[in-house]
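Reading the structure
Single-letter residue listing:
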Amino acid sequence: MTTSPKDRVYIFDTTLRDGEQCPGATMTFEEKLEVADLLESMGVDIIEAGFPIASDGDFQAVQAIAKRIKNATVTGLARAGMKDIDRAGEAVKGAARPRIHTFLSTSPVHMKYKLQKEPAEVLQMVRDSVTRARNWVDNVEWSAEDGTRTEFDFLCQCVDAAIKAGATTINIPDTVGYTTPDEYRSLFRKVREQVANSDKAIFSVHCHNDLGMAVANSLAGLEGGARQIECTINGIGERAGNAALEEIVMAIKTRGDVLPYDCRIDATMLNRASKLVSAATSFPVQYNKAIVGRNAFAHESGIHQDGMLKHTQTYEIMTPESVGVSKTSLVMGKHSGRNAFRNKLQELGYELGDNQLEDAFTRFKTLADRKKHIYDEDIEALVDEGIATATDRTKVIALIVIAGTMGPQSATLTLDVDGTEKTVQATGNGPVDATFNAIHKLIPHTAMLELYQVHAVTQGTDAQAEVSVRLHEEGRTVTAKAADPDTLVASAKAYIGALNKLMIKRQREATPQTTAPDRLRLGGV
Ligand code: KIV
Ligand code: ZN
């Protein structure tokens, strides 16, 4: 493959697979469709929609995404077994552009301990799995799991075998986030030189962030000749996460002088994508996160502010608008009508159906009655929360809390549980504790509260509180977020949101395609 001044680089998004797979990032079916639609509108080339054999829920999501996506290639992940591949083939077969992504470990440590197979057997499995996948689709990607810790000659033999069997994309993942930019660049150069038919496939990078080098490694892989980047929105993924899509895209767009690649992502949608994924997974975005963190374009120090006022290029290498961040603006109040609200949503990148719009508008009016100034961030929190809770079985109806210096504090809580209203009273060591005890009384569970975090959506004492809650129960971790001008109501909603997700998770596991331990055995995937 030659390197022209602007070589096309394909963006492969795996938010719905590697991202969703990490502890606590579970998304519902509807949330997955919403994310897939946004990825398609942004111009993502390949959407990895899930891991079809992992559960019926995963299969159905991949199948539905395959059917609705028109421009992007849709792929499903499969291990090397025939059942996995057939399940992935079945799931993506309705796509306009279907792909099967199959993988197998090739490093000595994975072959010996995880697969318990000899290299010769692994090599044969590469041939068989790619051949099987080619019976379903023409577009097959093969990945050498733990590729960066694989012996070079064996890696080349596997890549050669995969291409001969019909793989059109070859991915060499840094599964454990171990490599460095120089090493990864040279690995791609050397493999492409060594494998005789390497020009028959597109090479792909897939980097994990254990040492904080996922984006740097991915970009170095491009210099080594790779032309596909696997990444996730907000960098979510196993352990420390995957390379962040928004960072890769903006590095290429901002430093075209040294990264001369053509990547067709509409960067003005990056901020919206980050918010949607954060809302769907309930993973907060770190404040100083590059590109999409709330401080990414904030200038606090006097010297910086002075420079910015004189010329924005003094401290800004890209504009907030280029990634879809508009300056915080006072948008609307309680007199704003439905049309103004609809226009505002469109400006913020939301396209809601009539029912969703009506629901969001009602909640906007309720918020406007309680909060004088409504900012873009308030509207985003409100809509995202609606999307996240649309299918919830349990909802908060009312909460009355008695707080103050005279304990014990108490909470009277009314919930709608599957259409039935239930009320209970509880006391606790503080109002949050009382509220959570009330929830516990109405929905008995054994989940442990691992994280409780509050932050203000905007500024001012009437700002909405955004609360994140993470629960852990028997190997399952779930996270949920909720916003409300009343911190205690937001806390109750977030806790209930997490319990709803836990319920979905338990149900998913009760109807698995493979056993739960199977899914666990995919560690590092
Ligand atoms: O990290 C990894 O090796 C993976 C592969 C399945 C591509 O996610
Ligand atoms: Zn991975």
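As the structure is a prediction and not an experimental result, all values here were calculated from the model. (Residues numbered from 1 in each chain as written. Chains lettered and ligands numbered in written order. Predicted model: local features only at pLDDT ≥ 70, side-chain atom pairs only at ≥ 80, totals over all residues. Heavy atoms only, no water.)

1. A closer look at the overall build of the chain
- If you tally the helices and strands in the chain, you get 18 helices and 18 strands.
- Relative to the 2.2 N^0.38 estimate, which gives 24 Å for 525 residues, the radius of gyration of the chain is 24 Å and therefore close to what a compact globule would have.
- On the principal axes, the C-alpha backbone points of the chain span a range of 75 × 60 × 40 Å.
- Restricting to contacts in the chain with at least 6 residues of sequence separation, those with at least 24 account for 68%.
- Of the roughly 22500 Å² of accessible surface on the chain, a fraction of 52% belongs to carbon and sulfur atoms. (Helix = DSSP H or I, 4+ residues; strand = E, 2+ residues; numbered from the N terminus. Rg over C-alpha atoms; globule rule 2.2 N^0.38 Å. Contact = heavy atoms within 4.5 Å. Areas by Shrake-Rupley, 256 points an atom, 1.4 Å probe, with all protein chains shown as cover.)

2. Overview of the sheet that holds strand 4 (residues 73–78)
- Strand order in the closed barrel formed by eight strands is 2-3-4-5-6-7-8-9, with parallel pairing between adjacent strands. Averaged over neighbouring strand pairs, the angle between their axes works out to 25° when direction is ignored.
- Relative to strand 7 (residues 169–174), strand 6 (residues 140–145) is paired through three bridges, and the arrangement is parallel. In the strand pairing of strand 7, serine 143 is matched with asparagine 171. (Pairing = 2+ DSSP bridges. Axes fitted to C-alpha atoms, helices over the stretch in contact; angles between N-to-C directions.)

3. Re the packing of helix 7 (residues 152–164) against helix 8 (residues 181–194)
- The contact between helix 7 and helix 8 brings their axes to 10 Å, and the two run at 55°. Of the possible angle classes, the one that applies to helix 7 and helix 8 is oblique. Taken as a pair, helix 7 and helix 8 cross one another with a handedness that is right-handed. Residue-level inspection shows Phe152, Asp153, Leu155, Cys156 and Val159 of helix 7 in contact with helix 8, the latter providing Leu187, Lys190, Val191 and Gln194.
- When its residues are assigned to classes, the contact of helix 7 with helix 8 shows six nonpolar, one polar and two charged. (Parallel < 35°, antiparallel > 145°, perpendicular 65-115°, else oblique. Left-handed = near helix turned anticlockwise from the far one by under 90°. Nonpolar A, V, L, I, M, F, W, Y, C, P; charged D, E, K, R; others polar.)

4. As for the side chain of glutamate 141
- Following the sequence through the fold, glutamate 141 ends up in strand 6.
- Exposure remark for glutamate 141: the relative accessible area of 0% places this residue in the buried category.
- Separated by 3.2 Å, the side chains of glutamate 141 and glutamine 228 make a polar contact.
- Those residues in contact with glutamate 141 that sit more than four places away from it in its chain are Phe12, Arg99, Ile100, His101, Thr102, Thr169, Asn171, Ser204, Gln228 and Glu230. (Buried < 20%, exposed > 50% of the residue type's maximum accessible area, 1.4 Å probe, protein only. Polar contact = N/O pair within 3.5 Å; in protein donor to acceptor, adjacent residues only side chain to side chain.)

5. A word on the pattern of salt bridges
- Summed over all chains, the structure comprises 33 salt bridges.
- The salt bridge partner of aspartate 86 is arginine 132, with a shortest N-O separation of 2.7 Å. One end of the pair, aspartate 86, is in helix 4 (residues 82–92); the other, arginine 132, is in helix 6 (residues 119–136), and 46 residues separate them in sequence.
- Residue arginine 363 pairs with aspartate 359 through a salt bridge whose shortest N-O separation is 3.4 Å. A residue pair is termed a helical-turn pair when its members lie 3 or 4 positions apart in one helix, as arginine 363 and aspartate 359 do in helix 14 (residues 354–370) at four residues.
- Linked through salt bridges whose partners overlap, the residues forming this network are Glu473, Glu474, Arg476 and Arg506. (Salt bridge = Lys/Arg side-chain N within 4 Å of Asp/Glu carboxyl O.)

6. Things to note about helix 4
- Restricting attention to buried positions, one finds in helix 4 the residues Asp84, Ile85, Arg87, Ala88, Gly89, Ala91 and Val92.
- Here the buried face of helix 4 lies against helix 3 (56–68), strand 4, strand 5 (98–105) and helix 6.

7. Considering the packing of helix 4 against helix 6
- The geometry of helix 4 relative to helix 6 is characterised by a closest axis approach of 9 Å and an angle of 25° between their N-to-C directions. What the angle tells us is that helix 4 and helix 6 run roughly parallel. Seen along the crossing, helix 4 lies across helix 6 with a hand that is right-handed. Facing Met82, Ile85, Asp86, Gly89 and Glu90 of helix 4, the residues of helix 6 in contact are Asp128, Ser129, Arg132, Ala133 and Trp136.
- Of the residues contributing to the contact of helix 4 with helix 6, the split by class is four nonpolar, two polar and four charged.

8. What about the packing of aromatic side chains?
- This model, assessed by the stated rule, comprises seven aromatic pairs.
- Through pairs of rings, three or more aromatic residues link up here, namely Tyr184, Phe188 and Phe203.
- Here arginine 294 stacks its cationic end above the ring of tyrosine 287, 4.8 Å away from the centre of that ring. (Phe/Tyr/Trp six-rings, centres within 6.5 Å; stacked < 30°, edge-to-face > 60°. Lys NZ or Arg CZ within 6 Å of the ring centre and 35° of its normal.)

9. A few points about the coordination of the zinc ion (ligand 2)
- The coordination sphere of the zinc ion (ligand 2) contains the protein donors Asp18 (OD), His206 (NE2) and His208 (NE2), at a distance range of 2.0 to 2.1 Å.
- Along the chain, the residues donating to the zinc ion (ligand 2) fall in the pattern D-x187-H-x1-H. Here aspartate 18, found in helix 1 (residues 15–19), pairs with histidine 208, found in the loop between strand 8 (202–207) and helix 9 (214–223); they are 190 residues apart in sequence, far enough to count as distant. (Donors = N, O, S within 2.8 Å, 3.2 Å for Na, K, Ca; no water.)

10. Overview of the sheet that holds strand 17 (residues 465–473)
- In spatial order, the strands read 16-17-18; together these three strands make up an open sheet with antiparallel pairing. The sheet terminates laterally at strand 16 (448–456) and strand 18 (476–484), the two strands that pair on one side only. The average angle at which neighbouring strand axes cross in this sheet is 15°, direction not considered.
- Pairing analysis gives eight bridges linking strand 16 to strand 17, with the strands arranged antiparallel.

11. Here we look at a nonpolar patch on the surface
- Residues Leu449, Tyr452 and Val454 make up a contiguous nonpolar surface patch of roughly 230 Å² in combined accessible area.
- By the secondary structure assignment, tyrosine 452 is in strand 16. (Patch = residues over 30% accessible without salt bridge, like charges linked within 9 Å, V, L, I, M, F, W, Y side chains within 5 Å.)

12. Here's the deal with the environment of valine 205
- Structurally, valine 205 can be placed in strand 8.
- Look at valine 205 and you get buried, because its relative accessible area is 0%.
- Setting aside anything within four residues of it in sequence, one finds valine 205 in contact with Asn171, Tyr184, Phe188, Ser218, Gly221, Ala226, Gln228, Ile229 and Glu230.

13. Side note on the domain arrangement of the chain
- Each domain of the chain was delimited in the assignment, giving domain 1 (7–281), domain 2 (326–388) and domain 3 (392–510).
- Domain 2 and domain 3 are separated by 24 Å when their C-alpha centres are compared.
- In this assembly, 11 residues from domain 2 lie in contact with 13 residues from domain 3.
- Looking at the side of domain 2 facing domain 3, the largest losses of area belong to Arg370, Lys371 and Glu385, adding up to 50% of the total buried there.
- The tally of links between domain 2 and domain 3 comes to zero salt bridges.
- Summed over the shared surface of domain 2 and domain 3, the number is one residue pair in polar contact (both at pLDDT 80 or more).
- Sort the elements by how many residues they give to the side of domain 2 that touches domain 3 and helix 15 (residues 376–389) lands first, with five residues. (Domains from an automatic or database assignment. Buried area = accessible area lost by both parts, 1.4 Å probe.)

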